[in-house]
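Each chain, letter by letter, is given below.
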Amino acid sequence: MADPRIRQLVIKTGVVKRLAKEKTVYEKEVLTERTRSEKFKKEGADEHVLRKQEEVIQECEMMIPDSKRRLQKEFEVLEKYLADEEDLKETEAYKKAFEMLSEAKAVLES
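**With respect to the environment of Leu 31**
Following the sequence through the fold, Leu 31 ends up in helix α1 (residues 4-43). A relative accessible area of 55% means that Leu 31 is categorised as exposed. Leu 31 sits 25 residues away from Val 56 along the chain, and the two C-alpha atoms are 11 Å apart.

**Side note on the nonpolar core**
Grouped together as the largest cluster of nonpolar side chains are 18 residues, with contacts concentrated most on Leu 9, Val 16, Leu 71, Leu 78 and Leu 82. Listing elements by their share of this core, those giving two or more residues are α1, α2 (47-84) and α3 (92-109). Of all the elements, α3 adds the most residues to this core, at eight residues. The contact partners of Leu 9, leaving out residues within four places of it in the chain, are Leu 78, Tyr 81, Leu 82, Ala 93, Tyr 94 and Ala 97.

**With respect to α3**
For α3, built from 18 residues, the straight-helix expectation of 26 Å at 1.5 Å per residue is met to within 8% by its first-to-last C-alpha distance of 26 Å. Among all positions of α3, only Ala 93, Tyr 94, Ala 97, Met 100, Leu 101, Ala 104, Val 107 and Leu 108 are buried. Taken around the axis of α3, the buried residues stretch over an arc of 130°, which confines them to a single face. Looking at α3, the residues exposed on the side facing more than 90 degrees away from the buried face are Glu 92 and Glu 109. Packed against the buried residues of α3 are α1 and α2.

The rules behind each value
Residues numbered from 1 in each chain as written. Predicted model: local features only at pLDDT ≥ 70, side-chain atom pairs only at ≥ 80, totals over all residues. Heavy atoms only, no water. Helix = DSSP H or I, 4+ residues; strand = E, 2+ residues; numbered from the N terminus. Buried < 20%, exposed > 50% of the residue type's maximum accessible area, 1.4 Å probe, protein only. Core = buried A, V, L, I, M, F, W, Y, C linked by side-chain atoms within 4.5 Å. Contact = heavy atoms within 4.5 Å. Expected span 1.5 Å × (residues − 1). Arc of directions from axis to C-beta.

This is the structure in structure tokens:
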């Protein structure tokens, strides 16, 4: 049977990958909704529509710090796990996890 530590490593790597993607998606959504809001303003949309669009933007902006906080937490968990399980260094799962840490670090810094 496969080493349960590798299974845990794969799970932790998947969590970091998902959270990094989530943060990126929220940031893109804010930009998309801002563009949409500008389009509505140029077209002279109803005041109600503009207010609702601003609410959508604010909701998206509120999600970014939360997703960043969760990503930071899981990033640290994966980083510690990799440090504790260095004997798995030659496995494919370890290499993928290490690559994911690099990608997640870039997302956290953006």
